[in-house]
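Close look at the chain arrangement
Okay, here's what each chain looks like letter by letter:
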Amino acid sequence: MLEINNITKKDQISESLSEVGYISNVGLSTAIYLTLKLKKPILLEGEAGVGKTDLAKSLSIILDKPLIRLQCYEGLDMASAAYEWNFAAQMISIQKGDTENIYSKKFLQERPLLKSINNTDNFPILLIDEIDRADPPFEAFLLEILSDWQITIPEIGTIKAKEPPIVIITSNRTREIHDALKRRCLYHFVDYPDLEQELKILQSRVPNIREDLSVAIVHFVKELRKIEFFKQPGIAETIDWAQAMVELNYITIDPEVLESTIGALLKNQDDIRKLKESEAAKILTIIQTEISLINRK
């Protein structure tokens, strides 16, 4: 377990993350180090499947802190995100003739945001996942939390965190996030990894894969991302594809292997058709040349 107070350099972040299978780079480890030390939220933007959500899960493990996840979606409101009243219990209380206040904390149901600032046992990691899926007005509600670490409930008053949670906000960039929210956060763009980093990730997540196959896979995916697809394959898809090939006992990439496993890598039929009709043979030729050059070295 990594104690936040004992972290003195960003390399400790990278090393601890690698121990749980998450391969970070210098930029991302530095951003996380500053998030922990400055106690500021961090906004991670990047394409889907580059490891933003997995980072929060991995931090939860290495810091030994509970992970509270708020999955954003269109129409997300305060009742689902922060709190709501237990109306059934309130009605029963009224019917019994109880004189207690039906708007007391006894009847308050905590949702992820309130739970994260009202947790006094082990200050958690709050993951606000895919904020770009939520409606823009929802961001305005987050401003009070991210500025003052508190939530105001009209019937009760203000509930303030004794210590701010570690807040990680992710966005797949399907829309622009408002500047007011960005100003309250540190920012880091999570890009696709380079060849060396993706190879380390792949070999960490699929430890029983042949080395030559893992090299061929990351070279193939690198070339694939140069093509304009509706949905580019992320790291998650690279891992899925590798696991599929290991499970099927494939030892190389050829047209037959591609035909039978491409659904693990590309998740859009138009993208699959485009690859099969015009790009697959080109990429296979390119990676065969690249790997031959590597072997000569």
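Our subject is the structure that appears above.
The rules behind the values
Residues numbered from 1 in each chain as written. Predicted model: local features only at pLDDT ≥ 70, side-chain atom pairs only at ≥ 80, totals over all residues. Heavy atoms only, no water. Core = buried A, V, L, I, M, F, W, Y, C linked by side-chain atoms within 4.5 Å. Buried < 20%, exposed > 50% of the residue type's maximum accessible area, 1.4 Å probe, protein only. Helix = DSSP H or I, 4+ residues; strand = E, 2+ residues; numbered from the N terminus. Contact = heavy atoms within 4.5 Å. Phe/Tyr/Trp six-rings, centres within 6.5 Å; stacked < 30°, edge-to-face > 60°. Pairing = 2+ DSSP bridges. Axes fitted to C-alpha atoms, helices over the stretch in contact; angles between N-to-C directions.

1. A closer look at the nonpolar core
- Core analysis: the largest hydrophobic core is formed by 34 residues, its most contacted members being Ile-217, Phe-220, Leu-224, Trp-241, Ile-253 and Leu-275.
- Of all the elements in the fold, those that place two or more residues in this core are helix 9 (195-205), helix 10 (211-224), helix 11 (235-247), helix 12 (255-261) and helix 13 (269-296).
- The element contributing the most residues to this core is helix 10, with 8 residues.
- Leu-275 has contacts with Leu-224, Phe-229, Leu-258, Ile-262, Leu-266, Ala-280 and Ile-283, leaving out every residue within four places of it along the chain.
- Core analysis: the second largest hydrophobic core is formed by 33 residues, Leu-108, Ile-131, Phe-138 and Leu-146 among them.

2. Some points on the environment of Ser-18
- Here Ser-18 lies in helix 1 (residues 10-19).
- Residue Ser-18 is classed as partly exposed on the basis of its relative accessible area, which comes to 35%.
- Sequence separation of Ser-18 and Ile-42 is 24 residues, and the distance between their C-alpha atoms is 20 Å.

3. A few points about the packing of aromatic side chains
- Scanning the model with the defined rule gives 3 aromatic pairs in all.
- Centroid distance Phe-138 to Phe-141: 6.3 Å. Interplanar angle 40°. Geometry classified as tilted. On the criterion of helical spacing, the pair formed by Phe-138 and Phe-141 is a turn pair, its members being 3 residues apart in helix 7 (residues 136-148). Note on accessibility: Phe-138 and Phe-141 belong to one class, buried.
- Ring plane angle 50° and centroid distance 5.2 Å describe the contact between Phe-220 and Trp-241, whose orientation is recorded as tilted. In this pair, Phe-220 sits in helix 10 while Trp-241 sits in helix 11, placing the two residues 21 residues apart along the sequence.
- Of the residues examined, Trp-241 reaches a relative accessible area of 0% and is grouped as buried.

4. Here we look at the sheet that holds strand 5 (residues 125-129)
- Here we have 5 strands laid out as an open sheet, ordered 2-5-8-1-9, and parallel in their pairing. Sheet topology places strand 2 (67-71) and strand 9 (186-189) at the edges, where each strand pairs with a single neighbour. For this sheet, the mean angle separating the axes of adjacent strands, direction not counted, is 20°.
- One ladder, built from 5 bridges, connects strand 2 with strand 5; its direction is parallel. Within the sheet, the bridge partner assigned to Gln-71 lies in strand 5 and is Asp-129.
- Where helix 2 (residues 26-38) meets the sheet, its contacts fall on strand 1 (42-45), strand 8 (166-171) and strand 9, and the angle it forms with strand 9 comes to roughly 165°.

5. A word on the side chain of Ser-93
- Residue placement: Ser-93 occurs in helix 5 (residues 87-95).
- Discounting residues that sit within four places of it in the chain, Ser-93 has contacts with Asp-98, Glu-100, Ile-102 and Phe-107.

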